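# Chains, contacts and geometry: an overview
Spelled out from the first residue to the last, the chains are:
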Amino acid sequence: MGKDRLRIATKEDAPAYLALIQEAFQEVKDYGIDWPSTNATLASVTENIETGITLVFERDGRLISTITIRQPWESETPISNYPFLWWFATANDYRGQGIGLKFLQEVEQEFLVKTLKAPGYVLGTSGKKHPWLLDMYLRNGFQILGTRENDEDLTVSLFKVLIPERFDENILRVEQPIYQYQD
């Protein structure tokens, strides 16, 4: 096994990060899933690095897995007041080796629990078009927060409790505003 390293991505990582995202999400794109990650460009990955906490897992200097942590204030319509994980990808030649799950667990402990002190987090996935991902999350301690169905797919929002004694269901769920402020 080579030298492994977990770190926060920088703008200089954008080209390698884009290559990893495009490679890893090609299968998802082939399923007909239209996510920002399936349509990544150099500009969008650079923005992701600059606005979120984009973590990369390197082996011998090569980016082999990535996850971005978004904070609730980064979206006008967050699904939760807990952090949201997205753009989770592992290089194709490392699939099936447990690298992605190991990386996710390290992100949970080192960044979400120790650094952000987050009692939980959320993520989203396809419930119909992606044949194995939802089951993988459910087997690894995630619970369903909600679903939204459209003509072609079922979007599933999931959450995972990291610090049970501090987890608050009221913080997990974002209530829809009763009114919109108008100038």
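Just so we're clear, the structure is a prediction, and the values are computed from it rather than from any experiment. (Residues numbered from 1 in each chain as written. Predicted model: local features only at pLDDT ≥ 70, side-chain atom pairs only at ≥ 80, totals over all residues. Heavy atoms only, no water.)

## Observations regarding the sheet that holds strand E4 (residues 84-90)
Cut-off, in case you're wondering: Being paired, for any two strands, means DSSP has found at least two bridges between them. Secondary structure elements follow DSSP: runs of H or I no shorter than four residues count as helices, runs of E no shorter than two count as strands, and numbering proceeds from the N terminus. Each axis is a line fitted through C-alpha atoms, and for a helix only the stretch in contact is used; angles between axes span 0 to 180 degrees, taken between their N-to-C directions. Residues are treated as being in contact if the distance between any of their heavy atoms lies within 4.5 Å.
Reading across from one edge, E1-E2-E3-E4-E5-E7-E6 is the order of the 7 strands in this open sheet, with mixed pairing throughout. Edge positions in the sheet fall to strand E1 (4-8) and strand E6 (143-149), since each of these pairs with one other strand and no more. Each strand of the sheet is rotated relative to its neighbour by a mean of 25 degrees, with strand direction disregarded. Note that E6 and strand E7 (residues 154-161) share 6 bridges and pair antiparallel. Bridged to Ile144 within E7 is Leu158. Across the sheet, helix H1 (residues 14-30) is in contact with strand E2 (53-59), strand E3 (62-70) and E4; its angle to E3 comes to roughly 85 degrees.

## As for the confidence of the model for the protein chain
Note the threshold: pLDDT is a residue-level measure of predictor confidence that goes from 0 to 100.
Mean pLDDT over the protein chain: 88, with 93% of residues reaching 70 or higher. The least confident element of the protein chain, judged by mean pLDDT, is H1 at 88; the most confident is E2 at 96. The model gives residues 177-183 a pLDDT under 50, and that stretch makes 0 contacts with residues more than four places away or in other chains.

## Structural notes on the pattern of salt bridges
Side chains carrying opposite charge are able to pair once their charged atoms draw close together. Basically, it comes down to this: Each reported salt bridge corresponds to a side-chain nitrogen of Lys or Arg within 4 Å of a carboxyl oxygen of Asp or Glu. Summary of the burial criterion: residues with accessible area below 20% of their type's maximum are buried, those above 50% are exposed, and those between are partly exposed, where the area comes from a 1.4 Å probe applied to protein chains only.
Summed over all chains, the structure comprises 11 salt bridges. Residue Arg5 pairs with Glu58 through a salt bridge whose shortest N-O separation is 3.8 Å. Separated by 53 residues along the polypeptide, Arg5 in strand E1 and Glu58 in strand E2 bring together distant segments of the chain. On the basis of relative accessibility, which here comes to 8%, the residue Glu58 falls in the buried class. Glu169 is paired through a salt bridge with Arg173; the nearest N and O atoms lie 2.7 Å apart. Through salt bridges with shared partners, one network takes in Arg5, Arg7, Asp13 and Glu58.

## Looking at the nonpolar core
The following threshold applies: Here, nonpolar core means buried Ala, Val, Leu, Ile, Met, Phe, Trp, Tyr and Cys residues that are tied together by side-chain atoms lying within 4.5 Å of each other.
Formed by 46 residues in total, the largest nonpolar core has its most connected members in Leu85, Val107, Leu112 and Tyr121. It is H1 that contributes the most residues to this core, 8 residues altogether. Setting aside anything within four residues of it in sequence, one finds Tyr121 in contact with Tyr82, Pro83, Leu85, Leu104, Glu108, Leu112, Phe142, Leu158, Phe159, Lys160 and Leu162.

## As for H1
Put simply, the test is: Expected helix span is taken as 1.5 Å per residue step, with the number of steps being one fewer than the number of residues. The angle between axes fitted to the seven-residue stretch ending at a residue and the seven-residue stretch beginning at it gives the bend at that residue.
With 17 residues, H1 extends 23 Å from end C-alpha to end C-alpha; this agrees with the ideal 24 Å at 1.5 Å per step. A bend of about 35 degrees at Ala24 is the largest found in H1. Among all positions in H1, only Ala14, Tyr17, Leu18, Leu20, Ile21, Ala24, Phe25 and Val28 are buried. Immediately downstream of H1, the backbone of Gly32 shows phi near 90 degrees, a positive value.

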